[in-house]
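Summary of the model geometry
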Amino acid sequence: MSIKEDDGTVKPYTHAAAGWGALKFVALNLLKERVQGSNYRMLFGQNQPGGFDCPGCAWPDREHASTFEFCENGIKAVAAESTGKRVTPAFFAAHTVTELMDETDHELEQHGRLTDPMVYDAVADRYVPIAWEQAYALVARHLQALPSPDQAAFYTSGRASNEAAFLYQLFVRAYGTNNFPDCSNMCHEATSRGLPQTVGVGKGTVVLEDFEHADTLLIFGQNPATNHPRMLGELRECARRGATIVSINPLRERGLERFTSPQHPVEMLTMSSTPISSMFIQPRLSGDLALIKAMAKRTLELDEEAQAAGAPRVLDADFIGRHTSGFEAFAQDLRNESWGLLVAESGVPREQIEALTQVFVRGRRVICTWGMGLTQHKNSLLTVTMLSNLMMMRGQIGKQGAGLCPVRGHSNVQGNRTVGIEEQPSQAFLDRLQQVFHFDPPRHHGYDVVRTIEAMLAGEVKVFMGLGGNFASATPDTPRTWAGLRQCELTVHLATKLNRSHLVHGKEALLLPVLGRTEIDMQAGRAQGVTVEDSMSMVHISFGMNQPASPNLRSETAIVAGIAHATLGDAPIDWLGHAADYARIRDLIERVFDDFHDYNARVAKPGGFHLKVASREMEWSTASGKAQFLVHPIDRASPLQRARERHGEKLMTLMTTRSHDQYNTTVYGLDDRYRGVFGMRRVVFANADDIAMLGFADGDWVNLVSVWDDGIERRADRFRLVSYDIPRGCMAAYYPETNPLVPLSSYADGAGTPTSKSIPVLLEAA
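Residues numbered from 1 in each chain as written. Predicted model: local features only at pLDDT ≥ 70, side-chain atom pairs only at ≥ 80, totals over all residues. Heavy atoms only, no water.

Quick word on the packing of aromatic side chains
Within this structure, the stated rule accounts for 25 aromatic pairs. Ring plane angle 80 degrees and centroid distance 6.0 Å describe the contact between Phe-154 and Phe-171, whose orientation is recorded as edge-to-face. Of this pair, Phe-154 sits in strand β7 (residues 152-156) while Phe-171 sits in helix α7 (residues 162-175); the two residues are 17 residues apart in sequence, bridging distant segments of the chain. By relative accessible area, Phe-154 is classed as buried at 1%. An aromatic cluster is built from Phe-166, Phe-429, Phe-437, Phe-593, Phe-596, Tyr-599 and Phe-609, whose rings are joined through pairwise contacts. The lysine or arginine in question, Lys-11, covers the ring of Phe-678, its NZ or CZ lying 5.3 Å from the ring centre. Sitting over the ring of Tyr-663, Arg-658 keeps its end group 4.3 Å from the ring centre. (Phe/Tyr/Trp six-rings, centres within 6.5 Å; stacked < 30°, edge-to-face > 60°. Helix = DSSP H or I, 4+ residues; strand = E, 2+ residues; numbered from the N terminus. Buried < 20%, exposed > 50% of the residue type's maximum accessible area, 1.4 Å probe, protein only. Lys NZ or Arg CZ within 6 Å of the ring centre and 35° of its normal.)

Below, the structure written as structure tokens:
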């Protein structure tokens with residue numbers, strides 16, 4: 001892919017988040033995507049009973065009777081799916097893959113919806129049409145020819161429905177492998193692997209109504225205005241009734257400063273806004289573990305001081321005694337920990353740590369939320385479990401208005417994991433599959449994202465199939481990922497629009513166009529609904545409202561069933577029969593998972609139903625039957641620390657982030673208006689003092705060079721320096737442009753998540 005210089009501008013953005021600016025960009029995106037006026041009515045069916053679930057983020061819906069349950073970035077996602085632009089066979093006839101590789105991710109997105117199944121013609125270097133049944137047969141031939149099922153890997157995007165994901169995992173396990181790399185591996189895996197060690201379940205313990213009762217909210221590593229804008233509505237209500245909100249993030253994001261709600265006419269007409277956070281704490285990158293441990297240490301000190309003075313205790317001794325184990329070892333570790341080390345590693349002055357701890361201990365009902373700012377570091381699993389430790393100290397789990405709240409990204413990333421997209425399945429789950437479907441599923445663990453890329457590079461994975469997503473752009477170590485994909489015998493992608501992954505292909509390649517969430521899904525003469533699970537374990541049904549972009553589209557569920565039928569036949573599972581009626585798939589899910597009892601009946605009710613989260617009810621699914629306090633030392637010899645020792649103050653720590661005009665790897669436009677960037681993406685945000693110390697000036701162009709110890713050069717060239725409010729030694733830039741800097745072997749201990757928020761880099765003049 002060639003680099004195109006951006007002729008953009010950087011200027012202060014002085015407005016609140018959302019407001020008229022958001023409505024302006026909603027209108028512009030609908031026009032840019034050439035959405036037909038007759039389709040505008042769909043907006044009032046978004047996140048409504050009988051309508052469709054937003055294909056963007058996983059934030060839950062507040063009120064299903066509302067006529068206004070969408071946000072700016074949700075509309076961008078819907079407009080992109082409802083676009084009037086088409087990528088037809090004629091388009092591919094006019095463009096070679098090599099030519100398309102020279103386009104930016106934004107330009108690829110703008111071509112529009114895929115209309116027909118296509119197969120790669122290596123002689124012409126073009127995609128050419130293929131019949132659906134021939135495409136299924138091609139996949140089947142490759143899978144059947146592999147010496148081992150483990151030589152295939154099956155990726156899943158977080159947009160796939162419960163029905164498609166369940167059928168997908170059933171097919172893959174019946175085929176014989178647990179190779180399920182998925183988007184969870186790259187985002188909240190530290191949550192999914194960490195929380196079971198402390199509270200027994202890898203999900204949050206709150207529901208949306210808890211925000212009505214919380215008096216304190218601590219928001220770690222999040223940018224709601226861009227990543228899940230409807231969350232701002234909840235934060236606005238919390239702030240207006242007097243709850244204390246603290247933003248803990250290296251970047252001081254506009255949406256956590258002030259917000260103008262488009263749903264409230266008075267704010268819109270008066271050009272006013274609601275202040276959100278009353279305190280901003282800016283830890284250094286990878287410093288959250290030390291910061292949270294420092295809060296725990298100070299909380300313990302305050303409790304011991306209170307006991308010495310005969311005052312009420314700060315700790316919840318009853319909760320700790322009745323519901324937890326391991327506290328004494330944890331407390332002793334806190335007493336032994338050095339304040340100097342915690343302050344130095346967190347990058348937060350001690351007086352700010354003490355002020356933050358006072359907010360925490362004054363809170364009677366505290367919710368802690370977090371995003372990928374906590375989960376994409378080497379120590380991210382430890383950070384999540386330390387946050388759980390902190391909340392258990394004051395009994396802030398399992399009561400109304402309090403709890404742990406990981407905010408997931410894509411709309412059904414949590415649901416995919418719930419219904420079996422898991423490379424490390426439990427034996428109990430596999431036993432149930434065997435009981436229900438009468439085949440012996442594979443028992444060994446499969447490959448996650450990082451291991452899949454390593455296996456492709458080693459020639460151990462020869463077939464790659466992607467159920468949605470953009471694997472080539474989302475993953476770390478971009479040149480190595482691309483090399484791995486190109487070594488595959490076959491790559492298969494199910495997608496709505498053209499993206500980079502379709503151009504970085506195997507020796508043979510298929511591009512299979514799917515129905516979007518907004519489109520009517522007719523199977524056997526009946527409109528089908530699909531179900532999703534949001535960040536707070538609510539399951540609800542979604543029905544498309546628009547006519548399909550092409551008569552040649554098929555649903556993800558139908559395509560999975562077609563491939564399964566071609567590969568395995570119809571015994572013991574009637575793949576095509578289940579794909580003809582999604583209620584039958586939900587019946588299968590109910591038979592495998594007890595919590596989905598009466599699935600079809602419960603999901604038919606407006607708003608759906610809540611899946612039980614045992615830790616919310618203070619039931620601890622751990623070996624001891626209690627919540628576990630875990631002891632975690634601060635690592636003094638991490639790769640980041642070793643790089644600092646070698647390079648001194650010239651070593652910067654880089655985090656990758658989204659712009660406001662993108663969702664994951666989908667780039668809608670070239671503006672990041674809340675951060676004051678317009679018309680370009682190749683920028684790197686840095687502290688003004690660091691820019692001067694390194695001998696550069698604001699606006700200079702630089703190259704970023706990753707520091708790692710494997711002898712591989714990793715670089716991202718020609719980025720414009722932008723002076724920004726970020727801690728010394730830290731920088732931020734957009735992905736996927738900076739994904740080449742993330743070493744494949746740099747991932748979270750115990751979780752495997754790439755360390756995209758703590759990349760050691762050096763700068764050189766461009």
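Next, the rest of the story.
Some thoughts on the state of the cysteines
Inspection of the entire model under this criterion finds zero disulfides. The thiol of Cys-238 is unpaired, and the distance to the nearest cysteine sulfur, on Cys-405, comes to 11 Å. (Disulfide = S-S within 2.5 Å.)

Focus: the domain arrangement of the protein chain
If you check the domain split of the protein chain, you get domain 1 (9-82), domain 2 (86-187 + 412-596), domain 3 (190-407) and domain 4 (639-765). Each of domain 3 and domain 4 has a C-alpha centre, and these two points are 26 Å apart. Listed per partner, the contact involves 25 residues of domain 3 and 32 residues of domain 4. Each partner contributes to the roughly 2,400 Å² buried at the junction of domain 3 and domain 4, and carbon and sulfur atoms together form 54% of this total. Here domain 3 is connected to domain 4 by two salt bridges. The residue Asp-749 makes a salt bridge to Lys-378 at a minimum N-O spacing of 2.7 Å. One can count seven residue pairs in polar contact (both at pLDDT 80 or more) joining domain 3 with domain 4. Sorting the residues of the side of domain 3 that touches domain 4 by element identifies α8 (189-198), α9 (224-227), α17 (372-375) and α18 (380-393) as the ones contributing at least two each. Partitioning the side of domain 3 that touches domain 4 into residue classes produces eight nonpolar, 10 polar and seven charged. (Domains from an automatic or database assignment. Contact = heavy atoms within 4.5 Å. Buried area = accessible area lost by both parts, 1.4 Å probe. Salt bridge = Lys/Arg side-chain N within 4 Å of Asp/Glu carboxyl O. Polar contact = N/O pair within 3.5 Å; in protein donor to acceptor, adjacent residues only side chain to side chain. Nonpolar A, V, L, I, M, F, W, Y, C, P; charged D, E, K, R; others polar.)

Considering unusual backbone geometry
Cis rather than trans, the peptide bond between Ala-571 and Pro-572 has omega equal to 5 degrees. Residue Pro-736 is reached from Tyr-735 by a cis peptide bond, and omega for that bond is 10 degrees. By the element assignment, Pro-736 lies in the loop between β32 (730-734) and β33 (759-765). Even without being glycine, Arg-718 reaches a positive phi, approximately 60 degrees. With respect to the helices and strands, the residue Arg-718 is situated in strand β31 (residues 715-723).

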